[in-house]
Amino acid sequence: MTTDGAAPRDTRLHYRRIADELRKQINAETWLPGQRLPTQEELSERYDVARATVAQALNLLRREGLITTRQGSGSFVALDGAERPDEHGTVRGESSDVWAVVSERVPPVLLKPYLEEAFEAKDVRLDVFSMTTESLAARVADQKDLILAGRISPPKSITARLLLPDTTAETLAIPRQLSGEDDPRVRARLGSILHSHVTMLRSALYELRGRDAVPVVDVQVRLVRFSPQVKLYILNNRVVLQGFYVPEAGTAVLADGEAVATLDSYGTGATLYPFRAAADSTPQQAGVVRAARQFFESTWEHLGEEANF
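Quick caveat: nothing in here was measured; it's all calculated off a predicted structure.

Q: Explain the overall build of the protein chain to me, using residue names and the numbers behind them.
A: Along the protein chain, the regular secondary structure elements total 8 helices and 12 strands. For the protein chain, with 309 residues in total, the buried portion stands at 49%. Sequence-distant contacts, at least 24 apart, represent 70% of the contacts inside the protein chain between residues at least 6 apart. Surface accessibility of the protein chain: about 14900 Å² in total, with carbon and sulfur atoms responsible for 48%.

Shown next, in the form of C-alpha cells:
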C-alpha cells in the first residue's frame, strides 16, 4: 500500500518502519550506490528511537543486500556488481570465496535506472501489477519532465497497462483491520491513495501527447478483486522487476482522523529483483520473464475488470 499516515503500532516493529523509510530513500536515490548513510547516532536522533532499534533496521537492509558495512567506516549503499555483503552484511573482495557464492544471487535494484532504460526504446510498453503505482508514478513524472526539457529523446509511443486491486471488493485480504475484520473505510483510504497516483501517472503521460512530444499514448487500467502479493513491472516485454508485498501490522489514519490498527503492505520501499530476456540471458532469467508475461496477460484478460479513471 503506502507508508503515508501509517506506522507500526507495536514498538517492537519500529525497526521495520525505519528500514522501510531508509529503503524508500535508497530507491529514490537520496543516497546513491557507494554513498555513506547517516551514522547510527544521527538516525537514532532523526527517528527518535534507541540506537539498538536503528541497528536492527540496518541489519535488515544488510541481509537484503541493499547496504554494506565497512568496519570503522559505517554503512554504505551497496554498489551493483562491485561489492556484495556476506551473510553478516560484511563486504568481501571479489577474490574471496564468499563473492563466488553471493554473485550468483539476483541483486536488488532500483526502479529508476530500469525505467530510464525502458524510455530509450522507440516504443515504450509498461505492464504493471501493484498496489497503488506510487513508485512508478513518481518515476514516470521524472521521465516526462526530462522529455519536455529536451534532455532525452521522446519515444514514438507509450503504452501502459495498470493492474490494480479493486478497493470496493470485500475480498481484499489487505488492507484490513488487524483483527481480521473487513473495514470499508480502510479500503476507501487505499482507494484514495491509488486514485491519486494513477491520476498522476496518467496526467504525466497524456501531457506528453497533449504537447505533441509523444504522438501515441495509451493508458489502460483494470482492477482485480484481490490484493497483489507481488509488485511486478514488465518493461518493454524484456525486463521484469519483481518485489514482494510483505504483510505487516501498522496503523492507518482514516479521513476522520481515527487511527485503526491494520494489516497492510508497504510496497514503496519494496526490494526489486531484475530478470532480463536477452541474447545472453540465462535460461532461468528468460524463463522468469516469459512466465511473468504469461501471468500478467492471463490475469489481465480473465480477472481484470476495466476501471473508469
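Read on, since the account is not over.
Q: Mind laying out the sheet that holds strand β9 (residues 247-253), listing which residues take part and the relevant values?
A: Spatial ordering of the open sheet is given by β5-β10-β9, a layout of 3 strands whose pairing is antiparallel. Where the open sheet ends on each side, the last strands, each with one partner, are β5 (176-177) and β9. Of the strand pairs in this sheet, β9 and strand β10 (residues 259-265) are connected by 7 bridges, and their pairing is antiparallel. Opposite Thr251, over in β10, you have Ala261 as the bridge partner. Strands β5, β9 and β10 of the sheet are contacted by helix α7 (residues 184-210), whose axis makes an angle of about 60 degrees with β10.

Q: An account of helix α8 (residues 283-302) is requested, with residue identities and associated values reported.
A: Taking 1.5 Å of rise per residue, the 20 residues of α8 would be expected to cover 28 Å, and the 28 Å separating its terminal C-alpha atoms lies within 8% of that figure. Those residues of α8 that sit buried are Val289, Ala292, Phe296, Thr299 and Trp300. When α8 is viewed along its axis, its buried side chains cluster within an angular range of 110 degrees and face the same direction. Within α8, the exposed residues directed more than 90 degrees away from the buried face are Pro283, Gln284, Gln294, Glu301 and His302. Taken together, the buried residues of α8 touch β3 (123-129), β4 (157-165), β6 (216-224), β7 (230-235), β8 (239-244) and β11 (273-276).

Q: Could you give an account of the side chain of Ser157, naming the residues involved and the relevant values?
A: Among the structural elements, Ser157 can be located in strand β4. For Ser157, a relative accessible area of 12% gives the class buried. Here Asp123 takes part through its side chain, which lies 2.6 Å from a polar atom of the side chain of Ser157. Each residue touching Ser157, except ones within four places of it in the same chain, is listed here: Lys122, Asp123, Val124, Val214 and Val216.

Q: Can you explain the nonpolar core? Please cite residues and give values.
A: In terms of nonpolar packing, the biggest core is built from 34 residues, with Leu126, Leu162, Leu205 and Leu235 touching the most fellow members. Elements with a contribution of two residues or more to this core: α5 (111-118), β3, α6 (134-148), β4, α7, β6, β7 and β8. The greatest single-element share of this core, amounting to 6 residues, is contributed by α7. Counting 19 residues, the second largest nonpolar core, distinct from the first, contains Trp31, Val49, Leu66 and Val77.

Q: If you had to explain the sheet that holds β4 to someone new, which residues and values would you point to?
A: Taken in spatial order, the 7 strands of this open sheet run β11-β8-β7-β3-β4-β6-β12, and their pairing is mixed. Edge positions in the sheet fall to β11 and β12 (305-306), since each has one partner strand and no second. In this sheet, β8 lies alongside β7 in antiparallel orientation, the contact comprising 6 bridges. When the sheet's bridge partners are listed, Val230 is paired in β8 with Phe244.

Q: Now, about the environment of Ile174: what can you tell me, with residues and values included?
A: Mapped onto the fold, Ile174 is located in the loop between β4 and β5. Considered as a pair, Ile174 and Pro247 are 73 residues apart in the sequence and their alpha carbons are 7.7 Å apart. Ile174 has contacts with Met131, Ser227, Pro247, Leu263, Asp264 and Ser265, leaving out every residue within four places of it along the chain.

Q: If you had to explain α6 to someone new, which residues and values would you point to?
A: With 15 residues, α6 should cover 21 Å at 1.5 Å per step; its first-to-last C-alpha distance of 22 Å lies within 8% of that length. By the criterion of burial, α6 is predominantly enclosed, with 11 of the 15 residues buried. Along α6, the positions that sit buried rather than exposed are Glu134, Ser135, Leu136, Ala137, Arg139, Val140, Ala141, Gln143, Lys144, Leu146 and Ile147. Taken together, the buried residues of α6 touch α5, β3, β4, α7 and β7.

Q: Could you give me a rundown of the packing of α5 against α6, with the residues and numbers involved?
A: Packed helix pairs are specified by the crossing angle of their axes together with the interaxial distance, meaning the distance between the axes. Remark: α5 packs on α6, axes separated minimally by 10 Å, with the N-to-C direction vectors making an angle of 50 degrees. The angle between α5 and α6 places the two elements in the oblique class. Once α5 is placed against α6, the crossing between them reads as right-handed. Residue-level contacts link Leu111, Lys112, Leu115 and Glu116 of α5 to Ser135, Leu136, Arg139, Val140 and Gln143 of α6.

Q: Any details on the pattern of salt bridges? Residues and values, ideally.
A: Any two side chains of opposite charge can pair, so long as their charged atoms come close to each other. Counted by the stated rule, this structure contains 13 salt bridges. A salt bridge links Arg276 to Glu117; the nearest nitrogen and oxygen atoms lie 2.8 Å apart. Residue Arg276 is found in strand β11, and its partner Glu117 is found in helix α5; the two are separated by 159 residues along the sequence. With a closest N to O distance of 3.2 Å, Lys144 and Glu207 form a salt bridge. Highlighted residues: Lys144 in helix α6 and Glu207 in helix α7, separated in sequence by 63 residues. For Lys144, a relative accessible area of 12% gives the class buried. Judged by its relative accessible area of 28%, Glu207 falls in the partly exposed class. Residues joined in a network through salt bridges with shared partners are Arg125, Asp127, Arg161 and Glu297.

Conventions we followed
- Residues numbered from 1 in each chain as written.
- Predicted model: local features only at pLDDT ≥ 70, side-chain atom pairs only at ≥ 80, totals over all residues.
- Heavy atoms only, no water.
- Helix = DSSP H or I, 4+ residues; strand = E, 2+ residues; numbered from the N terminus.
- Buried < 20%, exposed > 50% of the residue type's maximum accessible area, 1.4 Å probe, protein only.
- Contact = heavy atoms within 4.5 Å.
- Areas by Shrake-Rupley, 256 points an atom, 1.4 Å probe, with all protein chains shown as cover.
- Pairing = 2+ DSSP bridges.
- Axes fitted to C-alpha atoms, helices over the stretch in contact; angles between N-to-C directions.
- Expected span 1.5 Å × (residues − 1).
- Arc of directions from axis to C-beta.
- Polar contact = N/O pair within 3.5 Å; in protein donor to acceptor, adjacent residues only side chain to side chain.
- Core = buried A, V, L, I, M, F, W, Y, C linked by side-chain atoms within 4.5 Å.
- Parallel < 35°, antiparallel > 145°, perpendicular 65-115°, else oblique.
- Left-handed = near helix turned anticlockwise from the far one by under 90°.
- Salt bridge = Lys/Arg side-chain N within 4 Å of Asp/Glu carboxyl O.

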